[in-house]
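Close look at the chain arrangement
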Amino acid sequence: MANNTVVLVGCGNMGFAMLQGWLSSGKLQPSDVTVVEPADTLRERAAKLGVKALPDNTGITGSPQLIIIAVKPQVIQDILPAYKNHASASAFLSVAAGTPVALFEKILGTQTAIIRCMPNTPAAIGKGMMVTFANKNVLADVMHFTEKLLETSGQVAQVKDESLMDAVTAVSGSGPAYVFHFIECLTQAGVTAGLPQDIAAMLAMQTVYGAGALAAASTDTPSQLRINVTSPNGTTAAALEVLMGDNRLQNLVSDAVEAARNRSVELGKS
């Protein structure tokens, strides 16, 4: 690969985690990457990995295969025009939440190849869920290259209808927060039941982690795994009657996801 195959614009927590994944997996060599990051400490952190790190885009040479926009959504319109001169030769990947492809096309031109990605925070440890939508200008080889890079941060899926990204945001984008809150609730329930705080926290954390890992590794569905662990008239059955009676938990989660989806739609229009 030639130098500047990838330009990473923004190297905060998500950008830096992605960069580490590319390099540690061998998907890219340091010479393949240029980082553009105005913050001195973040730029210096990236440079320690051996990549070229610049305070702005003026030092970019050639035509990068992929320009990755990993900045906060509110600054997209400020920084993106500087990259318009690359729009005819480079594809753009955005990991900015809630930013539609139409905004990129408005600034860069409707013929620009643009991929939108919704990651989530576990991507920082290579356990994320990365969902993409690509406009009609993205070539198959570019999409394949992009997916290989994203795979270093977790699982990758693609949707063909951009409007589904609002549902993606509500399920996997915001989803880790739902799980974190469940851990909080399970911990507090353990304390209420008489456990010391530290023991309750350990039990809750490891139980959620272990159950998730088992669900991911098993050939059984989560429904079957639930049935497997539920003895008739046992303790688990008693608890599930509370959670599943009148579809309590299902309705609560559905309401939460719908609230997040509706908010995602609103933000996309603002």
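Residues numbered from 1 in each chain as written. Predicted model: local features only at pLDDT ≥ 70, side-chain atom pairs only at ≥ 80, totals over all residues. Heavy atoms only, no water.

1. Here's the deal with the packing of helix α6 (residues 165-173) against helix α11 (residues 248-269)
For the pair α6 and α11, the least separation of the axes is 8 Å and the interaxial angle reads 135°. Our classification of the angle between α6 and α11 gives oblique. Judged by the twist between their axes, the crossing of α6 over α11 is right-handed. For the pair α6 and α11, the contacting residues are Asp166, Ala167, Thr169, Ala170 and Val171 in the first and Val257, Ala260, Arg261, Ser264 and Val265 in the second. For the contact of α6 with α11, the per-class residue count stands at six nonpolar, two polar and two charged. (Axes fitted to C-alpha atoms, helices over the stretch in contact; angles between N-to-C directions. Helix = DSSP H or I, 4+ residues; strand = E, 2+ residues; numbered from the N terminus. Parallel < 35°, antiparallel > 145°, perpendicular 65-115°, else oblique. Left-handed = near helix turned anticlockwise from the far one by under 90°. Contact = heavy atoms within 4.5 Å. Nonpolar A, V, L, I, M, F, W, Y, C, P; charged D, E, K, R; others polar.)

2. Let's talk about the layout of surface pockets
Each pocket or cavity is described by its volume, and for the second largest pocket that value is around 510 Å³. Lining the second largest pocket we find 20 residues, and of these Asn13, Met14, Lys72, Val95 and Pro119 sit closest to its centre. Tallying contributions element by element places helix α1 (residues 13-25) first for the lining of the second largest pocket, with three residues. Partitioned by chemical class, the residues of the lining of the second largest pocket number 11 nonpolar, seven polar and two charged. (1 Å grid on protein atoms, 1.4 Å probe; cavity = no way out; pocket = protein on both sides within 12 Å on 5 of 7 lines; lining within 4 Å. Points joined across faces, edges and corners; volume = space filled by probe spheres on them.)

3. Things to note about the packing of aromatic side chains
Evaluation of the coordinates by the stated rule reveals zero aromatic pairs. Here the basic side chain of Arg45 rests over the ring of Phe16, its NZ or CZ set 3.9 Å away from the ring centre. (Phe/Tyr/Trp six-rings, centres within 6.5 Å; stacked < 30°, edge-to-face > 60°. Lys NZ or Arg CZ within 6 Å of the ring centre and 35° of its normal.)

4. Description of the nonpolar core
In this structure, Val6, Leu8, Leu19, Trp22, Val35, Leu66 and Ile68 are the most contacted members of the largest nonpolar core, which totals 31 residues. Listed by contribution, the elements that provide at least two residues to this core are β1 (6-9), α1, β2 (33-36), β4 (66-69), β5 (91-94), β6 (113-118), β7 (128-134) and α5 (140-150). Residues in contact with Trp22, not counting those within four places in the same chain, are Val6, Leu8, Lys27, Leu28, Ile68, Leu149 and Thr152. Core analysis: the second largest hydrophobic core is formed by 26 residues, Val7, Val36, Ile76 and Leu103 among them. (Core = buried A, V, L, I, M, F, W, Y, C linked by side-chain atoms within 4.5 Å. Buried < 20%, exposed > 50% of the residue type's maximum accessible area, 1.4 Å probe, protein only.)

5. Focus on the pairing of β4
Of the two faces of β4, the one lined by Leu66 and Ile68 and the one lined by Ile67 and Ile69 are each fully buried. In terms of strand pairing, β1 meets β4 through four bridges, oriented parallel. Within β4, the residue paired with Val6 across the bridge is Leu66. With four bridges joining them, β4 and β5 adopt parallel strand pairing. Bridging across to β5, Ile68 finds its partner in Leu93. (Pairing = 2+ DSSP bridges.)

6. Focus: the sheet that holds β6
Taken together, eight strands build an open sheet; the order of strands is β3-β2-β1-β4-β5-β6-β7-β8 and the sheet is mixed. Of all the strands in the sheet, just β3 (52-54) and β8 (154-158) have a single pairing partner and so form its edges. Mean inter-strand twist for the sheet, computed between neighbouring axes without regard to direction, equals 20°. This element, α5, spans β1, β4, β5, β6, β7 and β8 of the sheet and lies at about 150° to β8. α6 contacts β6 and β7 of the sheet and is inclined by roughly 35° relative to β6.

7. Examining the pattern of salt bridges
One pass over the structure, following the stated rule, counts six salt bridges. Of the charged contacts in the structure, one is a salt bridge between Glu151 and Lys148, with a shortest N-O distance of 3.7 Å. With relative accessibility at 40%, the residue Glu151 sits in the partly exposed group. The exposure class of Lys148 is partly exposed, given its relative accessible area of 34%. Taking the shortest distance from any N to any O, the salt bridge between Arg261 and Glu258 comes out at 3.1 Å. Here the residue Arg261 and the residue Glu258 both occupy positions in helix α11, the gap between them amounting to three residues, near one helical turn. Arg261 sits in the partly exposed class, given a relative accessible area of 29%. (Salt bridge = Lys/Arg side-chain N within 4 Å of Asp/Glu carboxyl O.)

8. Describing a nonpolar patch on the surface
Residues Leu243, Met244, Leu249, Leu252 and Val253 make up a contiguous nonpolar surface patch of about 420 Å² in total accessible area. For the nonpolar patch, the secondary structure elements donating two or more residues are α10 (235-244) and α11. In terms of residue count, α11 provides more of the nonpolar patch than any other element does, three residues in total. Looking at the element boundaries, Met244 is found in helix α10. On the basis of relative accessibility, which here comes to 40%, the residue Met244 falls in the partly exposed class. (Patch = residues over 30% accessible without salt bridge, like charges linked within 9 Å, V, L, I, M, F, W, Y side chains within 5 Å. Areas by Shrake-Rupley, 256 points an atom, 1.4 Å probe, with all protein chains shown as cover.)

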